[in-house]
Amino acid sequence: GDSVTQMEGPVTLSEEAFLTINCTYTATGYPSLFWYVQYPGEGLQLLLKATKADDKGSNKGFEATYRKETTSFHLEKGSVQVSDSAVYFCALSGGSQGNLIFGKGTKLSVKP
Amino acid sequence: EAEVAQSPRYKITEKSQAVAFWCDPISGHATLYWYRQILGQGPELLVQFQDESVVDDSQLPKDRFSAERLKGVDSTLKIQPAELGDSAMYLCASRVQGGREDTQYFGPGTRLTVL
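The model shown is predicted, which means the values in this text are computed figures rather than measured ones.

**Q** Quick question: what am I supposed to make of the packing of aromatic side chains here?
**A** Each aromatic ring pair is characterised by the separation of its centres together with the angle its planes make. Applying the stated rule across the entire model yields eleven aromatic pairs over all chains. Taken together, a centroid distance of 5.9 Å and an interplanar angle of 55° make the contact between A:Tyr36 and A:Phe102 tilted. With A:Tyr36 in strand 5 (residues 32-38) and A:Phe102 in strand 11 (residues 99-102), this residue pair connects regions lying 66 residues apart in the sequence. For the pair shown, A:Tyr36 and A:Phe102 are each scored as buried. Ring geometry for A:Phe102 against B:Phe106: centres 6.1 Å apart, planes inclined by 70°, an arrangement best described as edge-to-face. In this pair, A:Phe102 sits in strand 11 while B:Phe106 sits in strand 10 (residues 105-106), so the two residues belong to two different chains. We classify A:Phe102 as buried; its relative accessible area is 9%. Owing to a relative accessible area of 10%, B:Phe106 belongs among the buried residues under this scheme.

**Q** Would you explain the state of the cysteines in this entry?
**A** Formally, a disulfide is one covalent bond, and it connects the sulfur atom of one cysteine to the sulfur atom of another. For the coordinates displayed, the defined rule picks out two disulfides over all chains. Two residues share a disulfide in this structure: A:Cys23 and A:Cys90, whose sulfurs sit 1.9 Å from each other. Because the sign of the S-S torsion sets the handedness, a value of about -70° for the bond joining A:Cys23 and A:Cys90 places this disulfide among the left-handed ones. With A:Cys23 in strand 4 (residues 23-26) and A:Cys90 in strand 10 (residues 86-94), this residue pair connects regions lying 67 residues apart in the sequence. A single burial state applies to A:Cys23 and to A:Cys90, both of which are buried. Shown here is the disulfide that connects B:Cys23 with B:Cys92, its sulfur atoms set 1.9 Å apart. The chirality of the disulfide connecting B:Cys23 with B:Cys92 is left-handed, given an S-S dihedral of about -70°. Of this pair, B:Cys23 sits in strand 3 (residues 19-24) while B:Cys92 sits in strand 9 (residues 88-95), and the two are 69 residues apart along the sequence. Accessibility classification places B:Cys23 together with B:Cys92 in one group, the buried group.

Analysis parameters
Residues numbered from 1 in each chain as written. Chains lettered and ligands numbered in written order. Predicted model: local features only at pLDDT ≥ 70, side-chain atom pairs only at ≥ 80, totals over all residues. Heavy atoms only, no water. Phe/Tyr/Trp six-rings, centres within 6.5 Å; stacked < 30°, edge-to-face > 60°. Helix = DSSP H or I, 4+ residues; strand = E, 2+ residues; numbered from the N terminus. Buried < 20%, exposed > 50% of the residue type's maximum accessible area, 1.4 Å probe, protein only. Disulfide = S-S within 2.5 Å.

Pasting the structure below:
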């Protein structure tokens, strides 16, 4: 079945450092790909999405490119801030009902 | 900006008691999802509604969990009786049905603690 694998955390960075969180997927068909962010005690917020190969999603300085050839959707940000500290989930929308299938999440901590 | 509403935000109960969670999706969203998120894990689908109909409840533990969306708008998820292993965050999400818009929007969740 469809699945998402993302790098395990926690990831600890200094402010202004470069961020990469790796995400790869297995899916039949052509799923949409998503990154969601979860702040402590809160629900999930959509960070960015891409619906087809070579699409780049971007938001708040974060970017991810849908790479069909490597089945990847890595999240990047050039300069992280303390306020980016959260858990990041990679997900795909698969199956006939469009259910979201999530990775296990990667916790990011940014130190001043 | 329209949001998915959930209540309560936090619930503490004792084992074998009944609990219920409520979700009000974004207006006009025909598809509604309930997910369970165990601490340190990603959310996992429990049940999906299209209007008032269940379209996927294959992962719902039906001996103790039930879900309904009687008028195709808000929804209730119930657990009876609650067990220790049910402690988790319960998330509701909604989506516009059809077209290329396949984004799910999540509510703030209900944190359940079973003692």
